[in-house]
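Spelled out from the first residue to the last, the chains are:
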Amino acid sequence: MGQPISDAALDTLFRTARTANGYTGDPVSEQDIRAIYDLVKMGPTSANQQPARFVWLLGDAGKERLAALSSGSNGAKIRAAPAAVVIGMDLEFRQHLPWLFPHAPDAKDWFGSEEARYTHAFRNSSLQGAYFIFAARALGFDVGPMSGFDNAKVDAEFFGDQPSVKSNFIATFGHADPSTIFERLPRPEFDQFNTLA
């Protein structure tokens, strides 16, 4: 089924792609966000759990709410970006499994403990957050993922009406200003962190 993609596509997704620290004035639209999500949802998650919950912020008011809860230079980056997103995780993802994973009617009973639900929600929403990064890149956008923020306050601000949803990480996105891109940091060679067994 799979076919190798071009070198240009690999550059866009991996080799020349960089974390965005600032953006041009080009806007991001709701149509852009929907196109990104339509790719994100196709990425695999365990038992098709789809636990990620996204809050997309395009307006200044929404970005300000998130910026105020962020640390260091992240607040300024959020305010200046054309768009930001909160990637959350629904700890009660199992309630949706009857329709997301219909060939196993008992799937929602597989995650009885709080620890199991957290582990699966965190792992699979992290995957979906990574799918967001690559989907955005594939559609011509740049992304600045961040973990410097107050999780509890972000949860209260953006998921207050959904107590089972907790924030995982946040990101800005748009078209990067090349002048804000840092030099590429070191990447390990295969033999440094890999074992063939």
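See above for the structure.
Residues numbered from 1 in each chain as written. Predicted model: local features only at pLDDT ≥ 70, side-chain atom pairs only at ≥ 80, totals over all residues. Heavy atoms only, no water.

## As for the packing of helix 1 (residues 7-15) against helix 6 (residues 114-138)
It is at 9 Å that the axes of helix 1 and helix 6 come closest, and there the two elements cross at 135°. Overall, the two elements helix 1 and helix 6 adopt an arrangement that is oblique. Here helix 1 and helix 6 pass one another in a crossing that is right-handed. Judged by residue contacts, Thr 12, Leu 13 and Phe 14 of helix 1 engage Phe 134, Arg 137 and Ala 138 from helix 6. For the contact of helix 1 with helix 6, the class distribution of residues is 4 nonpolar, 1 polar and 1 charged. (Axes fitted to C-alpha atoms, helices over the stretch in contact; angles between N-to-C directions. Helix = DSSP H or I, 4+ residues; strand = E, 2+ residues; numbered from the N terminus. Parallel < 35°, antiparallel > 145°, perpendicular 65-115°, else oblique. Left-handed = near helix turned anticlockwise from the far one by under 90°. Contact = heavy atoms within 4.5 Å. Nonpolar A, V, L, I, M, F, W, Y, C, P; charged D, E, K, R; others polar.)

## Some words on the environment of Gly 129
Inspection of the secondary structure puts Gly 129 in helix 6. On a C-alpha basis, the gap between Gly 129 and Ala 81 in space is 18 Å, while along the polypeptide they are 48 residues apart. Residues contacting Gly 129, with those up to four places away along its chain left out, are Ile 87 and Phe 169.

## A few points about the pairing of strand 2 (residues 83-90)
With 8 of 8 residues buried, strand 2 is to be regarded as a mostly interior element. Across the two faces of strand 2 the burial is the same, with Ala 83, Val 85, Ile 87 and Met 89 and Ala 84, Val 86, Gly 88 and Asp 90 all buried. Of the strand pairs in this sheet, strand 1 (residues 52-57) and strand 2 are connected by 6 bridges, and their pairing is antiparallel. Each bridged residue has a counterpart across the sheet, and for Arg 53 the counterpart in strand 2 is Gly 88. (Buried < 20%, exposed > 50% of the residue type's maximum accessible area, 1.4 Å probe, protein only. Pairing = 2+ DSSP bridges.)

## A short note on the side chain of Gln 49
One can find Gln 49 in the loop between helix 2 (30-40) and strand 1. Leave out the neighbours within four places in its chain, and Gln 49 touches Phe 93, Leu 97, Leu 100, Phe 111, His 120 and Asn 124.

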